[in-house]
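Structure assessment
Chain residues, written in single-letter form:
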Amino acid sequence: LLPFRDSTFLNHLITVFRPRVDPLIVVLGHHAAQIAPSLEVQAGAVKVIVNANYKQGMLTSLQAGLGAVPLEASAIMFTLVDHPAVRPETIDRLIEEFQTGGSALAVPRYGERRGHPVILSRSVAGEVLALPPESSAKEVIRSHQGETLFLDADDPGVLCDVDLPSDYQALLGDRGAVSNP
């Protein structure tokens with residue numbers, strides 16, 4: 001719920017992803033009851049899933065979201081709420097390249113560093129769903145490195161990970177990132 005670009009992290013991401021992803025699934029865990037009412041969406045525009053197992057780790061939230069994706073979906077894009085600064089045009093390029101590339105995964109890079117969002121084929125998503133809670137999706141992603149499309153993007157937002165107050169302050173220092181600090 002941190003402020004970002006006249007919105008919050010979560011609502012900004014919903015605004016960016018909604019025209020590009022269908023269905024758009026938001027997974028809530030800790031403080032779900034407080035966060036859900038803050039979602040600025042039209043009825044039916046976002047499917048909200050509550051991960052009751054969030055205390056078991058981040059993978060369980062990803063698995064909850066993957067489990068809610070319709071079976072006919074051939075690919076799934078996911079991101080973390082603490083990566084709010086990715087540019088919409090980067091997402092568009094990632095989707096376009098994935099659709100034409102025949103890869104199992106698509107991952108944006110800035111410089112040599114990998115970022116978010118990530119696109120998984122349905123088969124790779126199945127492997128992530130099969131992982132035990134103490135595992136990491138990175139294990140599956142790394143195992144498919146040879147089948148991964150790496151999109152070199154001129155977008156530092158793919159790396160912008162806000163885990164600490166200092167990370168948030170650095171994001172606020174990015175001119176134009178936050179209108180109302």
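Note: the structure precedes this text.
The rules behind these values
Residues numbered from 1 in each chain as written. Predicted model: local features only at pLDDT ≥ 70, side-chain atom pairs only at ≥ 80, totals over all residues. Heavy atoms only, no water. Phe/Tyr/Trp six-rings, centres within 6.5 Å; stacked < 30°, edge-to-face > 60°. Buried < 20%, exposed > 50% of the residue type's maximum accessible area, 1.4 Å probe, protein only. Salt bridge = Lys/Arg side-chain N within 4 Å of Asp/Glu carboxyl O. Helix = DSSP H or I, 4+ residues; strand = E, 2+ residues; numbered from the N terminus. Core = buried A, V, L, I, M, F, W, Y, C linked by side-chain atoms within 4.5 Å. Axes fitted to C-alpha atoms, helices over the stretch in contact; angles between N-to-C directions. Parallel < 35°, antiparallel > 145°, perpendicular 65-115°, else oblique. Left-handed = near helix turned anticlockwise from the far one by under 90°. Contact = heavy atoms within 4.5 Å. Nonpolar A, V, L, I, M, F, W, Y, C, P; charged D, E, K, R; others polar.

**A closer look at the packing of aromatic side chains**
- Within this structure, the stated rule accounts for two aromatic pairs.
- Look at F4 and F9: their rings are 5.7 Å apart centre to centre, the planes differ by 75°, and that puts the pair in the edge-to-face class. For the pair F4 and F9, a shared accessibility class is recorded, and that class is buried.
- Among the aromatic side chains, those forming a connected cluster through ring pairs are F4, F9 and Y168.

**A look at the pattern of salt bridges**
- Evaluated as defined, the whole model comprises four salt bridges.
- The partner of R18 in a salt bridge is D22, and the shortest N-O contact between them spans 3.9 Å.
- According to the relative accessible area criterion, D22 is exposed, its value standing at 68%.
- Close ionic contact of D155 with R87 constitutes a salt bridge, the shortest N to O distance being 3.9 Å. A residue pair is termed long-range when its members are at least 10 positions apart, and D155 in the loop between β9 (148-152) and α7 (165-173) and R87 in the loop between β5 (75-78) and α4 (88-101) qualify at 68 residues.
- Taking relative accessible area as the criterion, D155 reaches 1% and is therefore assigned buried.

**Re the nonpolar core**
- Counting residues in each nonpolar core, the largest one holds 26 residues, and the members touching the most others are L10, I14, F17, M77, I91 and I119.
- Breaking this core down by element, the ones donating at least two residues are α1 (9-17), β3 (25-28), α2 (32-35), α4 and β9.
- One finds I49, V107, V128 and L131 within the second-largest nonpolar core, a separate group that totals 21 residues.

**Some thoughts on the packing of helix α3 (residues 58-67) against helix α5 (residues 122-129)**
- For the pair α3 and α5, the least separation of the axes is 9 Å and the interaxial angle reads 135°. Considering the angle they form, α3 stands oblique to α5. Note on packing geometry: the crossing formed by α3 with α5 is left-handed. On α5, the residues touching L59, L62, Q63, L66 and G67 of α3 are A125, V128 and L129.
- Residue classes in the contact of α3 with α5 are distributed as six nonpolar, two polar and no charged.

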